[in-house]
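Below, each chain spelled out in residue letters.
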Amino acid sequence: MRILHTMLRVGNLEQSIAFYTEVMGMNLIRQRDNEQYRYTLAFVGYGDESDGAVLELTYNWDTAEYDLGNAYGHIAIEVDNAAATCDAIRNNGGKVTREAGPVKGGSTVIAFVEDPDGYKIELIEKKPG
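This structure is a prediction, so every number in the text was calculated from the model and none was measured.

Student: Which residues make up the overall build of the protein chain, and what values do they have?
Tutor: When its secondary structure is counted, the protein chain shows two helices and eight strands. Across the protein chain, helices and strands are ordered from the amino to the carboxyl terminus as β-α-β-β-β-β-α-β-β-β. Relative to the compact-globule value of 14 Å for 129 residues, the protein chain shows a C-alpha radius of gyration of 15 Å, a close match. Projected onto the principal axes, the alpha-carbon positions of the protein chain cover approximately 50 × 30 × 30 Å. When each of the 129 residues of the protein chain is scored for burial, the buried share is 35%. Counting only contacts in the protein chain whose residues sit at least 6 apart along the sequence, the fraction spanning at least 24 positions is 49%. The distance from the centre of the 12 positive side-chain charges to the centre of the 20 negative ones in the protein chain is 5 Å.

Student: An account of the pairing of strand 6 (residues 95-102) is requested, with residue identities and associated values reported.
Tutor: As defined by bridge partners, strand 6 adjoins strand 7 (residues 109-114) across five bridges and the pair is classed as antiparallel. Across the sheet, Val-96 pairs through a bridge with Val-113, a residue of strand 7.

Student: Any details on the packing of aromatic side chains? Residues and values, ideally.
Tutor: As enumerated under the stated definition, the model contains two aromatic pairs in all. Aromatic side chains Phe-19 and Tyr-20 sit 4.9 Å apart centroid to centroid with 90 degrees between the ring planes, which places their arrangement in the edge-to-face category. Consider the rings of Tyr-72 and Tyr-119, whose centres lie 5.3 Å apart with planes at 75 degrees: the pair is edge-to-face. Pair noted here: Tyr-72 is in the loop between strand 4 (54-60) and strand 5 (75-79) and Tyr-119 is in the loop between strand 7 and strand 8 (120-125), with a separation of 47 residues, a long-range link. Assessed through its relative accessible area of 32%, Tyr-72 is described here as partly exposed. Cation over ring: Arg-30 sits above Phe-43, and NZ or CZ is 3.8 Å from the ring centre.

Parameters and conventions
Residues numbered from 1 in each chain as written. Predicted model: local features only at pLDDT ≥ 70, side-chain atom pairs only at ≥ 80, totals over all residues. Heavy atoms only, no water. Helix = DSSP H or I, 4+ residues; strand = E, 2+ residues; numbered from the N terminus. Rg over C-alpha atoms; globule rule 2.2 N^0.38 Å. Buried < 20%, exposed > 50% of the residue type's maximum accessible area, 1.4 Å probe, protein only. Contact = heavy atoms within 4.5 Å. Lys, Arg positive; Asp, Glu negative; His and termini not counted. Charge placed at Lys NZ, Arg CZ, Asp CG, Glu CD. Pairing = 2+ DSSP bridges. Phe/Tyr/Trp six-rings, centres within 6.5 Å; stacked < 30°, edge-to-face > 60°. Lys NZ or Arg CZ within 6 Å of the ring centre and 35° of its normal.

This is the structure in structure tokens:
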């Protein structure tokens, strides 16, 4: 077994695709409309779906926003340098909500950014070696 994707409901598909591709550096892997049920699915990720998990962005045509609730946590992405990644995200119009620094009570360097719908993304700096 392996994880295939995580689905996020988004209020503006074009804005979300732009964020994940232009700001976060992912690729748009595939996209399709379902006119009968009025939704569009877009899959984004860093590689082919056969090699790793991706994000499924689900846009329901008649819904502009969602209540994220209090159970959802975050998506985690490994990066080479969390501070440099925060700078690049900020320079591309992204929102950094926690600057790079050690996790509370530990030494792993993390940061947090937020996508256009308010979903949190944790950046975890790759450990040397």
